[in-house]
Protein chains: 2
Amino acid sequence: MMSETGEVPPIPEPRLPLTDAERLFIERWALMAASWGVPRSMAEVHALLFVTGEALTADDLMTELGISRGNASMTIRTLEEWGIVHREQRANERREYFRAEQDTLALFSTVIRIRKGREVDPLLSLVTECRARVEAGGARSAQFTRKLDDIQLFVTTVDALASRHLEPGGDGMRSLLGAFSLLDTPGGER
Amino acid sequence: MMSETGEVPPIPEPRLPLTDAERLFIERWALMAASWGVPRSMAEVHALLFVTGEALTADDLMTELGISRGNASMTIRTLEEWGIVHREQRANERREYFRAEQDTLALFSTVIRIRKGREVDPLLSLVTECRARVEAGGARSAQFTRKLDDIQLFVTTVDALASRHLEPGGDGMRSLLGAFSLLDTPGGER
DNA sequence: CCTAGATTTCAATGATGTCTGAAACTGGCG
DNA sequence: CGCCAGTTTCAGACATCATTGAAATCTAGG
């Protein structure tokens, strides 16, 4: 595929000389991913794509990060499902290239949306099911109901916020951060 | 307080007949804890203490949840460090009782504060260290710097919010939820 | 100072989830 | 039609982390 012309093919892929800063970023990003419940190698793949902004092949990922082909494949699929990595096809090229979402705030927005779905939304069905089973008679039922009310208050507020500012396409994240700064300036308490 | 008179001491501990709703709550809470990075048995212990609101002994926890003494001990220590469970000493009683924070929103506040420390704050040192290493010359250095700027914007905003509304003692959580509802009503975009 | 009830610690075990590597699959090209 | 570059799948190896249980430690009372 690169022997097409037969002349001066000395530099096959000048895409990937990483700087020190970039390497550090990848390492730390992967380390943090642990406390996020994200597999290390998945975080590495994403960090590499994110930080370079380049379109890379599966082999680039494998050699640069020292992971297996199978791992790279499955990881990329997941990243794609999350919507933070996209496939690209090059003319006259069989193999696929992968590129990461470059808008940092959109990335955070996506991550938060996914985690809200995993970690906050289930609380709502918890509340619903528990409500269906509290018998008014129980000694602790009043306290319990109050707790359920508070949980629901929390979840619905987060929900409203998310559906307003965290929708897939938009740049709602930036407006959300803006709104927060406004909240901060008045200096209401203490 | 009920064996005071010395007569009819037939029921040693009437603290713990759990209702169906309470049992369900504990089960689900523990299940969700998995996606939170919290050990299952730790979530169970906390859920039991939280949902009943009673002061329970280590043995209560062990028999009700079917966990070992060692596990109960270490788990309680951690919950104590997080500030959502407290020890109590009863007069004329050697063994300790444990009781959970009962204010639901204060609980969420604590959880969010802890997770921010684990998951958001490290981003700041990542940014700082990376900045120290970007050489202005690199081909991608401009893009990289922009990303670092955005990450820092995100972290500092979250930080400001947290230090204003999520401080240990206060009921800042309620005011935060209130502020969010305000944000929602105007209906700025789309 | 000793004893007994209660708690903490920690090495060994068990469970859970990630990663690898080889085999199966896909689709384009000679 | 069959080969080849590339991609996906999956069973088993491996690593990580929670949990146990017994031994060490602690503390109040005798």
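Everything below is about the structure printed above this text.
Below: a short report on this structure. Along every chain, residues carry numbers that run from 1 in the direction the sequence is written. Key to labels: chains lettered from A, ligands numbered from 1, both in the order written. Thresholds applied to this predicted model are a pLDDT of at least 70 for local features of residues and 80 or more for the giving and counting of side-chain atom pairs; totals over whole chains, interfaces and linings are not thresholded and use all residues. Processing note: side-chain calculations cover all non-hydrogen atoms of the structure and skip hydrogens and water entirely.

**Brief notes about the overall build of chain A**
Selection rule: Helical segments are the DSSP runs of H or I of at least four residues, strand segments are the runs of E of at least two, and each set is numbered from the N terminus. Note on contacts: a residue pair qualifies if any of its non-hydrogen atoms lie within 4.5 Å across the two residues.
Tallying secondary structure elements over chain A gives 8 helices and 2 strands in all. Counting from the amino terminus, chain A carries its helices and strands in the arrangement α-α-α-α-β-β-α-α-α-α. When contacts within chain A are restricted to residue pairs at least 6 apart in sequence, those whose partners lie at least 24 apart make up 57%.

**Here's the deal with helix 2 (residues 40-52) of chain A**
Residues and elements named next belong to chain A. The criterion, for reference: Expected helix span is taken as 1.5 Å per residue step, with the number of steps being one fewer than the number of residues. Exposure is judged per residue with a 1.4 Å probe applied to protein chains only, and the accessible area is read against the type maximum: over 50% gives exposed, under 20% gives buried, and values in between give partly exposed.
Helix length check: helix 2 (13 residues) gives 18 Å between terminal C-alpha atoms against 18 Å at 1.5 Å per residue, within 8%. Most of helix 2 sits inside the fold, with 12 of its 13 residues counted as buried. In the stretch just after helix 2, Gly53 is the one whose phi turns positive, near 75°.

**Some details on the packing of aromatic side chains**
Let me state the cut-off plainly: Pairs were defined over the aromatic rings of Phe, Tyr and Trp, the Trp ring being its six-membered one, requiring ring centres within 6.5 Å. Orientation was assigned from the angle between planes: stacked under 30 degrees, edge-to-face over 60, tilted for the rest. Charges are assigned to positions over rings by a cutoff of 6 Å between ring centre and Lys NZ or Arg CZ, combined with an angular limit of 35 degrees from the ring normal.
Taken as a whole and judged by the stated rule, the model has 10 aromatic pairs over all chains. With centroids separated by 6.2 Å and ring planes inclined at 25°, the aromatic side chains of Trp29(A) and Phe50(A) adopt a geometry described as stacked. Of this pair, Trp29(A) sits in helix 1 (residues 20-36) while Phe50(A) sits in helix 2, placing them 21 residues apart in sequence. Their ring planes at 35° and their centres at 6.1 Å tell us that Phe25(B) and Phe50(B) sit as a pair that is tilted. Taken together, the residues Phe25(B) in helix 1 (residues 20-36) and Phe50(B) in helix 2 (residues 40-52) connect sequence positions 25 residues apart. When its relative accessible area of 0% is taken as the criterion, Phe25(B) is described as buried. An aromatic cluster of three or more residues is present, and its members are Phe25(A), Trp29(A), Phe50(A) and Phe144(B). Over the ring of Tyr97(A) we find Arg90(A); its NZ or CZ atom is 3.9 Å from the centre of that ring. Taking the ring centre of Phe50(A) as reference, the NZ or CZ of Lys147(B) above it sits at 4.9 Å.

**Structural notes on the relation of the copies chain A and chain B**
A rotation about an axis combined with a shift along that same axis relates the two copies of the chain. Threshold: Only residues with pLDDT of at least 70 in both copies contribute their C-alpha atoms to the least-squares superposition of the copies.
Laying chain A over chain B is done by rotating through 180° and shifting 0.0 Å along the axis; what remains is an RMSD of 0.1 Å. The relationship between the two copies is best expressed as a two-fold rotation axis. If distances are taken from each C-alpha of chain A to the rotation axis, the shortest is found for Gly37(A), at 3.3 Å. An overlap of 100% is found between the interface residues of chain A and their copies at the interface of chain B, pointing to a shared contact surface.

**Digging into the protein's contact with DNA strand C**
As a reminder of what qualifies: For this description, a residue counts as near a given molecule or strand if any of its non-hydrogen atoms is within 4 Å of it. For the purposes of these results, a polar contact is taken to be a pair of N or O atoms within 3.5 Å, where, inside protein, one atom must be able to donate a hydrogen and its partner to accept one; residues adjacent in sequence count only when each atom of the pair is a side-chain atom. Just so you know the grouping, Ala, Val, Leu, Ile, Met, Phe, Trp, Tyr, Cys and Pro go in nonpolar, Asp, Glu, Lys and Arg go in charged, and all remaining residues, Gly too, go in polar.
In the vicinity of DNA strand C there are 18 residues, among which Ser41(A), Ser68(A), Asn71(A), Ser73(B) and Arg94(B) approach most closely. Within the contact set of DNA strand C, a phosphate oxygen lies 3.1 Å away from a backbone nitrogen or oxygen of Ser68(A). The backbone of Glu96(B) places a nitrogen or oxygen atom 3.1 Å from a phosphate oxygen of DNA strand C. If you list the elements that add at least two residues to the surface near DNA strand C, you get helix 2 and helix 4 (69-81) of chain A together with helix 4 (69-81) of chain B. No other element matches helix 4 of chain B, which puts 5 residues into the surface near DNA strand C. Taken together, the residues that form the surface near DNA strand C break down as 3 nonpolar, 7 polar and 8 charged.

**So, the side chain of Thr104(A)**
When you line up the elements, Thr104(A) lands in helix 5 (residues 104-119). Given a relative accessible area of 2%, Thr104(A) falls into the buried group. The residues contacting Thr104(A), other than those within four sequence positions of it, are Phe50(A), Lys147(B), Asp150(B) and Ile151(B).

**So, the protein's contact with DNA strand D**
Around DNA strand D, a shell composed of 19 residues is seen, among which Ser73(A), Arg94(A), Glu96(A), Ser41(B) and Asn71(B) lie nearest. For DNA strand D, the fraction of atoms within 4 Å of the protein that belong to sugar or phosphate moieties is 65%. One of the side-chain N or O atoms of Arg77(A) is found 3.4 Å from a phosphate oxygen in DNA strand D. Arg94(B) has a polar side-chain atom sitting 3.3 Å from a base oxygen of DNA strand D. Tallying contributions element by element places helix 4 of chain A first for the surface near DNA strand D, with 5 residues.

**A look at the pairing of strand 1 (residues 85-89) of chain B**
Two faces belong to every sheet, and in a regular strand the side chains alternate between them. Residues and elements named next belong to chain B. Cut-off, in case you're wondering: When DSSP finds two or more bridges between a pair of strands, those strands are recorded as paired.
Note that strand 1 and strand 2 (residues 96-100) share 5 bridges and pair antiparallel. Bridge pairing in strand 2 places His86 opposite Arg99. With antiparallel pairing between neighbouring strands as the criterion, strand 1 and strand 2 make up a hairpin whose turn holds 6 residues, including Asn92 at a positive phi of roughly 60°.

**Observations regarding the packing of helix 1 of chain A against helix 7 (residues 141-165) of chain B**
Two packed helices can be described by the angle between their axes and the distance between those axes. So the rule is basically this: Interaxial angles span 0 to 180 degrees and are taken between N-to-C directions of axes, which are lines fitted to C-alpha atoms, for helices over the stretch in contact. The sense of a crossing depends on the near helix, which, turned anticlockwise from the far helix by less than a right angle, makes the crossing left-handed and, turned clockwise, makes it right-handed.
Where helix 1 of chain A meets helix 7 of chain B, the axes come as close as 12 Å, and the angle between the chain directions of the two elements is 40°. As for how helix 1 of chain A packs across helix 7 of chain B, the hand of that crossing is left-handed. The residues of helix 7 of chain B that touch helix 1 of chain A, namely those facing Ala21(A), Glu22(A) and Phe25(A), are Phe144(B), Leu148(B) and Ile151(B). The residue inventory of the contact of helix 1 of chain A with helix 7 of chain B, partitioned by class, reads 5 nonpolar, no polar and 1 charged.

**Some remarks on the environment of Asn71(A)**
Residues and elements named next belong to chain A. Checked against the element boundaries, Asn71 lands in helix 4. What makes Asn71 partly exposed here is its relative accessible area of 25%. Residues Asn71 and Val45, spaced 26 residues apart in sequence, show a C-alpha to C-alpha distance of 10.0 Å.

**Focus on unusual backbone geometry**
Phi is positive for Asn92(A), which is not a glycine, with a value near 60°. For Asn92(A), the location among the structural elements is in the loop between strand 1 (85-89) and strand 2 (96-100).

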